[in-house]
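An overview of the molecular structure
Chain by chain, the residues run as shown.
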Amino acid sequence: MSLYLFLTLAILTIISALAVVFSKNPMYSVLWLIVCFFTIAGHYVLLNAQFLAIVHLIVYAGAIMVLFLFVVMLLNLNADTEPHKSNLSKIASAIAAGLFFVVLIASIRATALGEFNLPNKTNIGFVEEVGKKLFTDFLLPFEISSVLFLSAMIGSVLLAKKEKK
Amino acid sequence: MENTLQAVPQNWYLVLSTLLFCIGIMGVLFRRNAIIILMCIELMLNSVNLLLVSFSAYSGNSDGQVFVFFIMVVAAAEVAVGLALMMSIYRNAASTDINVLNKLKW
Amino acid sequence: MNDNMIQDTLLVTPALLVSLLPLIGFLINGLFGKFLPKSVTGWIAALAILGSFICSVTLFNGLNSTSSLNIDIFNWIAFSNINITFGFLIDPLTITMLLVVTGIGFLIHLYSIGYMHDDEGYTRFFTYLNLFIFFMLLLVMGNNYLVMFIGWEGVGLCSYLLIGFWFKNESYNNAAKKAFVMNRVGDLGFLLGMFFMLFYFGSIDYSTVANQAQTLAPNSALLITITMLLFVGAMGKSAQLPLFTWLPDAMAGPTPVSALIHAATMVTAGIYMIVRSNILFSLAPTTLTFILIVGVATSVFAAVIGLLQNDIKKVLAYSTVSQLGLMFAALGLGAFSSGMFHVVTHAFFKALLFLGAGSVIHALHGEQDIRKMGGLGKYIKVTYITFLLASLAISGFPFLSGFFSKDEILAHAFEQNKTIWVILSISSFITAFYMFRLVFLTFFGNFRGTEETKKHIHESPITMTLPLIVLCILAVVGGLLGLPEVFHVQHVFSTYLSSVTEGSAQYLVHHEKVSHATEIALMSFAGIGAIVVILFAYNKYVKQNALPADEVELTGLNKVISNKFYVDEIYETVFVKPITVLSDLFLVLVDKLIIDLAVNATAWIVATTGKTMRLLQTGNTGFYVFAMIIGMMVLLIIRLFI
């Protein structure tokens, strides 16, 4: 059952990811990416990371992708304004990506991965568990990331602001 | 649902995220629209997230999930700044084509 | 014992203050001199030295002549079994030098306030002067050779800075460089001597070295090597043959500098050093003989050159060299305290002579040629009288300071070797002659300069004349410190120094002391001789109004002497020219051909590579990403297969 579920989700993920790349219209790309993120959230649920799945949906689908959509609409981008590459460079990029995939797989196979004893704990993805980690072992990075956020916020406001002449 | 870990070998997740990563790379090479390239970068980041979560699940340790949190933080910040840059570039060049942005050279 | 220790701790503070005050003065003037009013800086410097002098007097009062005070300030260099401390040793010899350096130093600071009054480098001058005093004190106060060496190098540096004080004049700069380079030759000797001591004795402490040396056989090769090397150092610093030519050139500096550094203090450092290591030297009679020969030769040689010099300061410079030679001769005879005695009296009258010369130059607005002077006695009375008395003192006029100190050395020479005595007596008479040639040409007769200068002749201000008067008193009565035993009194000076010099007495060859009758005969001979020579000079330069001829008109021996025996020219040909030729050769062969080529080739390769590689920077982002992917692939493949 879960194997089929995994396969279905995986195929959906790959198809939507490819659609992101190949859509002529940037608007469709954004929408396909949202689909892709939903399937990834499904994977998270399968992997017992329930809390993360929800956070993923809220942050990516809810915030980041809305931002993307908003920008695409604001700049009025569509299939007509889309710049085109020559066929040669398209083929070259496809081949490069394919080769890179082969090389990556080969290096993964060449790497000796440790055998896992499957855990019987299934609650590792719950809020309690992740929260405890976040506020004990990773407290300092957590706090520092808030500073990062603040600076990103200020930076983006500053960048997007219209310059006074 | 609980037996996903038994049913699906971990290698499959490896392959899946590698594939997602390579699609992201292909997107970066394939497209010239800077916003799409930014999206492809998000895709690559997510493939790494997936990998981290899978390792976390198969080893029964939630450290990996905490890392995913931080990656999300960075990604969100990056998108915010990146899109703000896009806006100001568009305002100046009236385009998001990366080939227009080739002034930074010798 | 306990009292002694309390006494000692009470003396540590003044001992440290002696050296610190000039340093503080130097720092204040050096760092904040720009912000201080000009008049203040000179007085700060002078007061620092006055404070130093007062501390020296405290030390002199507090420490009796048999004890010494050793202050280890901090451990400086410690490795394996070598341990060098930075510390001070205060004993009668040190105190003697301290009093001379700070006392005369203060008077010359005072003098400089008047002399340098209009100079734009006023503050800089006092900064250097204070620094010099600091280093000189370090030199005489150190308790090992290394601390002495710091002072030794430091005074060399200050001497360089002050000779080239008017650095806008090219020839002054050259004189400064000459002094510096020539001193390096000597310093190398000193340095090697220290290395030898460190290597064979494992220490460079005065007392340890002296103790170690006494375990060796007298006149052993090691001792001769060390003492010879140290003496080479002394030759450089104290301007002995063959390293003397820098001193006359050093007169390029301001006159107070000539008085302080190149007459009274720094140049006597070599003598101080040898007296300080008197045990070492008395264990090496061969070196002593060598010192004697060099000293005597220098004394006569410089005196002869002095006969035909026409620059007032040059005459005094050669006279200094000659007197230093006399002091070395005394050391060579093993008469260490006599040498020191002459150092002290010489400091008095030579400083006075230079300051007097400075006063003359000041009165004539920079004129230094004695052929353009004359008759000045009427206009500048104080200068004239003090200068005259100083000249009498240096010439050995009876009962003035120079008479006693010189006579003591001559008596020692008479005891040991009659030939040496004859030569030294001749040298002393020559000294009397050229000094009075100077006096008569400057102060007697009629003025030979222009009318314009004549109108402006004026006596110097009180800050300048006061030091003259004080020094004059010292030059006159200074001899009383060392009244010979003929007068049935104790020899104050040598008794005071006896704790320093007694260690070496047992190693020296003992000569029959001359009888009192002989001694009186010798003294009368020297005194009468000096008077006769002075009268001869009076006859020639005042009665017959003889004037020195122009250099071009001189012939034969006179010409050779007037040109200082062509020593400078010989050095030029033997040392400077070959080195210049060699440098030119290296310039073309090594520098231009090898080094420049290598450097330029490297630069060319980098530039060309850069020019080629920059073409890769297309500015196309897609291309960059593509290159990045390729790079990652290559890295992974390398990781996989290699």
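So, a few notes on the structure that sits alongside this text. (Residues numbered from 1 in each chain as written. Chains lettered and ligands numbered in written order. Predicted model: local features only at pLDDT ≥ 70, side-chain atom pairs only at ≥ 80, totals over all residues. Heavy atoms only, no water.)

Here's the deal with the overall build of chain B
Helix and strand content of chain B: four helices and zero strands. Counted from the first residue to the last, chain B has its helices and strands arranged as α-α-α-α. For 106 residues, the compact-globule estimate of 2.2 N^0.38 gives 13 Å, and the C-alpha radius of gyration of chain B, at 18 Å, exceeds that figure by more than 25%. Overall size of chain B, expressed as C-alpha extent along the three principal axes, is 55 × 30 × 25 Å. Out of the 106 residues belonging to chain B, those deemed buried represent 61%. Counting only contacts in chain B whose residues sit at least 6 apart along the sequence, the fraction spanning at least 24 positions is 58%. (Helix = DSSP H or I, 4+ residues; strand = E, 2+ residues; numbered from the N terminus. Rg over C-alpha atoms; globule rule 2.2 N^0.38 Å. Buried < 20%, exposed > 50% of the residue type's maximum accessible area, 1.4 Å probe, protein only. Contact = heavy atoms within 4.5 Å.)

Let's talk about the interface of chain A and chain B
Taken residue by residue, the interface counts 80 residues in chain A and 74 residues in chain B. Taken together, both faces of the contact between chain A and chain B bury some 7300 Å²; the carbon and sulfur share is 80%. Three residues stand out in chain A for area buried against chain B, namely Val21(A), Leu47(A) and Phe68(A), and they jointly supply 9% of the buried area on that side. The interface formed by chain A and chain B contains one salt bridge. Taken together, chain A and chain B are joined by six residue pairs in polar contact (both at pLDDT 80 or more). The set of elements that each furnish at least two residues to the side of chain A that touches chain B consists of helix H1 (2–22), helix H2 (26–46), helix H3 (50–74), helix H4 (87–110), helix H5 (127–135) and helix H6 (139–160) of chain A. At 13 residues, H1(A) tops the list of elements feeding residues into the side of chain A that touches chain B. (Buried area = accessible area lost by both parts, 1.4 Å probe. Salt bridge = Lys/Arg side-chain N within 4 Å of Asp/Glu carboxyl O. Polar contact = N/O pair within 3.5 Å; in protein donor to acceptor, adjacent residues only side chain to side chain.)

Here we look at the packing of H1(A) against helix H2 (residues 10–30) of chain B
Look at H1(A) against H2(B): their axes get within 9 Å of each other, and the N-to-C directions meet at 10°. Comparing the axis directions of H1(A) and H2(B) gives the class roughly parallel. Counted together, Leu3(A), Phe6(A), Leu7(A), Ala10(A), Thr13(A), Ile14(A), Ala17(A), Leu18(A), Val21(A) and Phe22(A) of H1(A) and Trp12(B), Tyr13(B), Leu16(B), Leu19(B), Leu20(B), Ile23(B), Met26(B), Gly27(B) and Phe30(B) of H2(B) form the full contact between these two elements. Grouping the amino acids of the contact of H1(A) with H2(B) by side-chain chemistry returns 17 nonpolar, two polar and no charged. (Axes fitted to C-alpha atoms, helices over the stretch in contact; angles between N-to-C directions. Parallel < 35°, antiparallel > 145°, perpendicular 65-115°, else oblique. Nonpolar A, V, L, I, M, F, W, Y, C, P; charged D, E, K, R; others polar.)

Considerations on helix H15 (residues 336–363) of chain C
Residue and element names in this part refer to chain C. Relative to the 40 Å expected for 28 residues at 1.5 Å per residue, H15 spans 40 Å between its end C-alpha atoms, a close match to the ideal helical length. At His-346, H15 shows its largest bend, some 25°. H15 sits mainly inside the fold: 27 of its 28 residues count as buried. Positive phi shows up at His-365, right after H15, with a value of about 55°. (Expected span 1.5 Å × (residues − 1). Bend = angle between axes of the 7 residues up to and from the residue.)

Quick notes on the environment of His456(C)
Residue and element names in this part refer to chain C. Take His-456: it is sitting in helix H19 (residues 451–456). Looking at His-456, the relative accessible area reads 41%, which means it is partly exposed. Separated by 79 residues in sequence, His-456 and Leu-535 have C-alpha atoms that sit 32 Å apart. Other than its neighbours up to four places away in sequence, His-456 contacts Ala-363 and His-365.

Considerations on the interface of chain C and chain B
Between chain C and chain B, the residue contacts involve 12 residues of the former and 10 residues of the latter. Buried surface at the junction of chain C and chain B, both sides included, amounts to about 890 Å², of which 66% is carbon and sulfur. When residues of chain C are sorted by the area they lose upon contact with chain B, Arg614(C), Gly619(C) and Ile629(C) head the list and together hold 35% of the total. Where chain C packs against chain B, one counts zero salt bridges.

A closer look at the state of the cysteines
According to the stated counting rule, one finds zero disulfides over all chains in the structure shown. Not engaged in a disulfide, the cysteine Cys40(B) finds its nearest cysteine sulfur in Cys36(A); these two sulfurs lie 10 Å apart. A residue is classified by how much of its surface remains accessible, and Cys40(B), at 0% relative accessible area, is buried. (Disulfide = S-S within 2.5 Å.)

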